[in-house]
Amino acid sequence: MTHARRYVQEDLGSAAPGDPAACGQAEMTSFDEVYDQPDLRHFFRVLGHWDYQTPRHAQGLFRRLAAARPRTTRAAAPVTVLDICCSYGINAALLNHNLTLEDLYAHYTSPQAAALTTAELIEWDRAYYASHRRPDAHRVIGLDIAANAISYALAVGLLDEGFTENLEAAPPTPALLRAAQPTLLVTVTGGASFLSLRTFQPLLAAAHEPVWIAALVLRTGSYRHIADGLTPYGLITEKAAVPTYPQRRFTSVHEQRYAITAVTAAGEDPRGKETDGYFHTALHLSRPAKDAAALPLTTLTKDDRRPESIIERDSFRG
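Residues numbered from 1 in each chain as written. Predicted model: local features only at pLDDT ≥ 70, side-chain atom pairs only at ≥ 80, totals over all residues. Heavy atoms only, no water.

Enquirer: Help me understand the packing of helix H6 (residues 101–108) against helix H8 (residues 118–131) in this model?
Expert: For the pair H6 and H8, the least separation of the axes is 13 Å and the interaxial angle reads 150°. With respect to their mutual orientation, H6 and H8 come out roughly antiparallel. The element H6 and its partner H8 pack so that their crossing is right-handed. Two secondary-structure elements touch here, H6 through Asp103, Leu104, His107 and Tyr108 and H8 through Leu121, Trp124, Asp125, Tyr128 and Tyr129. (Axes fitted to C-alpha atoms, helices over the stretch in contact; angles between N-to-C directions. Helix = DSSP H or I, 4+ residues; strand = E, 2+ residues; numbered from the N terminus. Parallel < 35°, antiparallel > 145°, perpendicular 65-115°, else oblique. Left-handed = near helix turned anticlockwise from the far one by under 90°. Contact = heavy atoms within 4.5 Å.)

The following block contains the structure:
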């Protein structure tokens, strides 16, 4: 698996020997085969078996963040969102349409979907998403090296623009930089373990306004190398210690043991989370300090299960 191929990973599994993430990702089941299919039926069939649910949690978070951004900038709503490691555009589907992740699972695993060719599915999906489009839909740019996934998302109208570039390996094209200029919110729901500042720096430099970066990061890994590097760009990173968000079920006892050990080593408590059979992610939000003061993270991570969120700022663990 090449370095470019790893860029599409959603922290669901695998890394090559010698990669900085290899010591952890090698302990996880690989789902490489789902990421660059002609359409996303295989993605939902395979990951549905393991209750993959990160986009469900991202939906509410990203809608609140996108709605909050015009209050901290001169730009008008709706905002431009850049989704890194966007895969088939699932985050865009949930951000901009009156649909749930459960709706998408049912749609793509249905007998009707199974009977279609990819071309027929694309036509069906164009109508499907058009009929559920929200009036407050945001412009979404997708970045992922999986060409089939990007092509699908563009073909069905989930992405306004899509780019198959690996900024970890090469500088961005002028077209990507032009598209990124109006970005106000950058989102990452998978792949943080495979990213470095090489991906973020040129995008931040191109943006006309200071951006917010929202990343859901596995508790088994660290985001510090990215968070520290964002400081020179005037962005402070807050980590919401609670709530955490289940990602998927473990595929084996071996995976669970690895996760519990890694989370404990990071100074976190796995009880009630990884001990209950799921990988968990935590939200890391990077913003200018004035925005963080004006809109506390607790107001953006409201969760009915808990009275309030606990924020670790600047010196967060992980």
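Alright, that's what it looks like, and here's the rest.
Enquirer: Any chance you could explain the packing of aromatic side chains here in plain terms?
Expert: Any pair of aromatic rings gets described here by the distance separating the centres and the angle formed by the planes. One pass over the structure, following the stated rule, counts eight aromatic pairs. Measuring from centroid to centroid gives 5.8 Å for Phe43 and Tyr88, while their planes differ by 70°, and the two rings are edge-to-face. You can see Phe43 sitting in helix H3 (residues 41–49) and its partner Tyr88 sitting in the loop between strand S1 (80–84) and helix H5 (90–96), a full 45 residues away along the chain. According to the relative accessible area criterion, Tyr88 is buried, its value standing at 0%. Arranged with centres 5.2 Å apart and planes meeting at 70°, the rings of Tyr128 and Tyr129 form a pair that is edge-to-face. Both residues of the pair, Tyr128 and Tyr129, count as buried. Among the aromatic residues, ring-to-ring pairing joins Phe43, Phe44, Tyr52, Tyr88, Tyr105, Tyr108 and Tyr152 into one connected group. (Phe/Tyr/Trp six-rings, centres within 6.5 Å; stacked < 30°, edge-to-face > 60°. Buried < 20%, exposed > 50% of the residue type's maximum accessible area, 1.4 Å probe, protein only.)

Enquirer: How should the side chain of Arg219 be read in this particular structure?
Expert: For Arg219, the position within the fold is in the loop between strand S5 (212–218) and helix H12 (224–230). According to the relative accessible area criterion, Arg219 is buried, its value standing at 6%.

Enquirer: What is the right way to read unusual backbone geometry from this model?
Expert: Apart from glycine, the bulk of residues carry a negative phi angle, and the bulk of peptide bonds sit in the trans form. Cis geometry is found at the peptide bond from Val242 to Pro243, where omega equals -5°. Of note, Asp51 is a non-glycine position whose phi angle comes to about 55°, a positive value. Given the relative accessible area of 24%, Asp51 is considered partly exposed. In this model, Ser87 sits at a positive phi of 55°, which is unusual for a non-glycine residue. In this structure, Ser87 sits in the loop between S1 and H5.

Enquirer: Sorry if this is basic, but what is going on with the confidence of the model for the chain here?
Expert: Parts of the prediction with low pLDDT should not have their coordinates interpreted in detail. In this model, the chain carries a mean pLDDT of 89, and residues with pLDDT of at least 70 account for 87%. Scored below 50 in pLDDT, residues 13–23 shows 28 contacts in the model against residues more than four places distant or in partner chains. (pLDDT = per-residue confidence, 0-100.)

Enquirer: Would you explain the packing of H3 against H6 in this entry?
Expert: In contact at an axis separation of 9 Å, H3 and H6 are set at 115° when each is read in the N-to-C sense. When the axes of H3 and H6 are compared, the pair comes out roughly perpendicular. Considering how the two elements wind past one another, H3 and H6 form a crossing that is left-handed. From H3, Arg41, Phe44, Leu47 and Gly48 reach across to H6, where they touch Leu101, Leu104, Tyr105 and Tyr108. Residue composition of the contact of H3 with H6, grouped by class: six nonpolar, one polar and one charged. (Nonpolar A, V, L, I, M, F, W, Y, C, P; charged D, E, K, R; others polar.)

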